[in-house]
Amino acid sequence: MMKWKQNLQKITAGTVAGALLVVGLSGCDSTTESTSQANTDAQGEAVKINVTYFDSFVWSYYIQIAQKYGIWDSVFGDDPVNVQLTSFSSGPKVNEAITAGDIDIAINEGDQPFLSGVANGVDLTILSTELRQEKTLILVADSNSEIQSAADLKGKNISVPLGAYVHKSLIGVLQDNGISVDDVQLTNISAAGDAVAAIENGDVDAYIGTIFSLYSEIQDGKIKQIADLTGNGAYAYLIGTTDFVNQHPDVTQKLVDVLYQSTIYTAEHLDQAAEIISEGTGIDTSVIQQLYPLLDTDMDFTDADLEALLSTQEFLLKNDIIDEEIPNLKEQHINTKFIQTARGE
């Protein structure tokens, strides 16, 4: 039986060196430890897994749910694994931590930061899809604003977590409405609370974020929804460093098993899972239970997911976010055997 010990401490991430697109924002560091008898490394010691997740996202608490409801213990048993959970506010910051050697597995890494990281020499492997979303990503503006739809954003200042997975989606929405990036000003804000405050203060005109983190402000009349991202969806994946996956395939498989089972458990027992998610995100359980079913959390990596990833790569090339096409992307940076095994295929 695993014993979990958590120590929460606020940390601040710095700016990444080099060409990675990074948003320097605060994160939360959580350490979880366990000991047992098998599955040790070459020195006979417990295998350490450094896992990152996003503490503001309702779809990022599957390890905590697995620990609470016995899924972790049922999969790992007495295997000696020491798990360190570290939360971040954006995918580019995860790339920074991976580059520094601090992260082995990333839960819900977005398509744009994944591709930007690989293009800049970070050796990453997609293990599965974890999230596809459109309607739950929205554009908002001040309730009293003249802005009524995305078509009204020309010449406006829009806050967005630059380099994160919604960055591409925002540009897609703008282009659908005949607006280029040169027609707007983009301000780098990640946290929804900061963005809403900036809108109320008149510092920015609009913000793109998740409906989960903006729902209460919409209900209170502070802001209004002007569009969702239908047709410009955002994708997130379970990512591993290639070195860790190759060195610890058994541990990687069990971790994928845990996340797969926990995802199913969350959907089937949302009332229970919502309590844990709410504790971490601060979002009311009723909002989570109402909106979570709008998410597509099927972990299978499909042909459509590959097409979407390649489409994102084309977008990054077209907008000079990466310099060249990533060679052998499918062959070298996507490994679906773990999720296929988890699904019993």
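Refer to the structure above for everything that follows.
First things first, this report covers the structure right here in the doc. This one's a predicted model, so the numbers in the text were calculated from it and none came from an experiment.

Definitions and limits used
Residues numbered from 1 in each chain as written. Predicted model: local features only at pLDDT ≥ 70, side-chain atom pairs only at ≥ 80, totals over all residues. Heavy atoms only, no water. Helix = DSSP H or I, 4+ residues; strand = E, 2+ residues; numbered from the N terminus. Axes fitted to C-alpha atoms, helices over the stretch in contact; angles between N-to-C directions. Parallel < 35°, antiparallel > 145°, perpendicular 65-115°, else oblique. Contact = heavy atoms within 4.5 Å. Nonpolar A, V, L, I, M, F, W, Y, C, P; charged D, E, K, R; others polar. Pairing = 2+ DSSP bridges. Buried < 20%, exposed > 50% of the residue type's maximum accessible area, 1.4 Å probe, protein only. Salt bridge = Lys/Arg side-chain N within 4 Å of Asp/Glu carboxyl O. Core = buried A, V, L, I, M, F, W, Y, C linked by side-chain atoms within 4.5 Å. Left-handed = near helix turned anticlockwise from the far one by under 90°. Polar contact = N/O pair within 3.5 Å; in protein donor to acceptor, adjacent residues only side chain to side chain. Phe/Tyr/Trp six-rings, centres within 6.5 Å; stacked < 30°, edge-to-face > 60°.

Before going further, it helps to spend a moment on the environment of Ala197. When you line up the elements, Ala197 lands in helix α6 (residues 192-200). Placed 25 residues apart in sequence, Ala197 and Lys222 show a C-alpha to C-alpha distance of 9.7 Å.

Now for the packing of helix α4 (residues 111-119) against helix α5 (residues 165-176). Between α4 and α5, whose axes approach to 5 Å, the crossing angle comes to 115 degrees. Classed by the angle they form, the pair α4 and α5 counts as roughly perpendicular. Taken together, the residues of α5 that come into contact with α4 (itself represented by Asp111, Gln112 and Pro113) are Tyr165, His167 and Lys168. When grouped by side-chain class, the residues that make up the contact of α4 with α5 number two nonpolar, two polar and two charged.

Moving on to the sheet that holds strand β8 (residues 157-160). Neighbouring strands of a sheet are bound in pairs by backbone hydrogen bonds; such pairs are parallel or else antiparallel. The mixed open sheet is built from five strands, whose spatial order is β9-β8-β10-β7-β11. Two strands lie at the open edges of the sheet, namely β9 (185-188) and β11 (223-228), each paired on one side alone. Between one strand axis and the next, the sheet turns through 30 degrees on average, direction left out of account. The pairing of β8 with strand β10 (residues 206-210) spans two bridges and is classified as parallel. Each bridged residue has a counterpart across the sheet, and for Ile158 the counterpart in β10 is Ala206. Here α5 sits on the sheet in contact with β7 (137-142), β8, β9, β10 and β11, set at roughly 150 degrees to β8.

Below, the discussion takes up helix α7 (residues 211-219). Among all positions of α7, only Ile211, Phe212, Leu214, Tyr215 and Glu217 are buried. Contacts made by the buried residues of α7 are with β7, α6, β10, β11 and α11 (285-291). A positive phi of about 85 degrees marks Gly221, the residue just after α7.

What follows covers the pattern of salt bridges. One pass over the structure, following the stated rule, counts seven salt bridges. Between Asp296 and Arg132 there is a salt bridge, with the nearest N and O atoms lying 3.1 Å from each other. In this pair, Asp296 sits in the loop between α11 and α12 (303-318) while Arg132 sits in strand β6 (residues 124-133), placing the two residues 164 residues apart along the sequence. Arg132 sits in the buried class, given a relative accessible area of 13%. Between Asp298 and Arg343 there is a salt bridge, and its shortest N-O distance comes to 3.0 Å.

Leu139 and Leu153 are the most contacted members of the largest nonpolar core, which has 112 residues in total. Here this core takes seven residues from helix α9 (residues 249-268), the largest share from any one element. Here Leu153 is in contact with Leu139, Ile147, Ile158, Leu174, Ile179, Val184, Ala206 and Ile226, once residues within four sequence places are set aside.

A word on the pairing of strand β5 (residues 105-110). In terms of burial, β5 is largely enclosed, as six of its six residues are buried. Note that strand β3 (residues 47-54) and β5 share two bridges and pair parallel. When the bridges of β5 are listed, Val51 appears paired with Ile105. Here four bridges tie β5 to strand β12 (residues 234-241), and the two strands are oriented antiparallel to one another. Bridge pairing links Glu109 to Tyr237 in β12.

Helices that pack against each other are described as a pair by the angle of their axes relative to one another and the distance between those axes. Contact geometry of α4 with α12 gives a least axis separation of 10 Å together with a crossing angle of 65 degrees. The orientation of α4 with respect to α12, classified from their angle, is roughly perpendicular. The way α4 lies across α12 gives a crossing that is right-handed. Contacts from Asp111, Gln112, Phe114, Leu115 and Ser116 of α4 reach α12 at Leu309, Thr312, Gln313, Phe315 and Leu316. For the contact of α4 with α12, the class distribution of residues is five nonpolar, four polar and one charged.

Tracing the backbone through its elements, the reader meets Ser87 in strand β4 (residues 81-88). When its relative accessible area of 0% is taken as the criterion, Ser87 is described as buried. One polar contact links Ser87 to Asp55, side chain to side chain, over a distance of 3.2 Å.

As a further point, take the packing of aromatic side chains. All chains considered together, the criterion is met by eight aromatic pairs. A ring pair is formed by Phe54 and Phe57, whose centres lie 5.4 Å apart and whose planes are at 40 degrees; its orientation type is tilted. Each member of the pair, Phe54 together with Phe57, is buried. Among the aromatic residues, ring-to-ring pairing joins Phe54, Phe57, Trp59 and Phe212 into one connected group.

In short, geometric facts, not functional conclusions.
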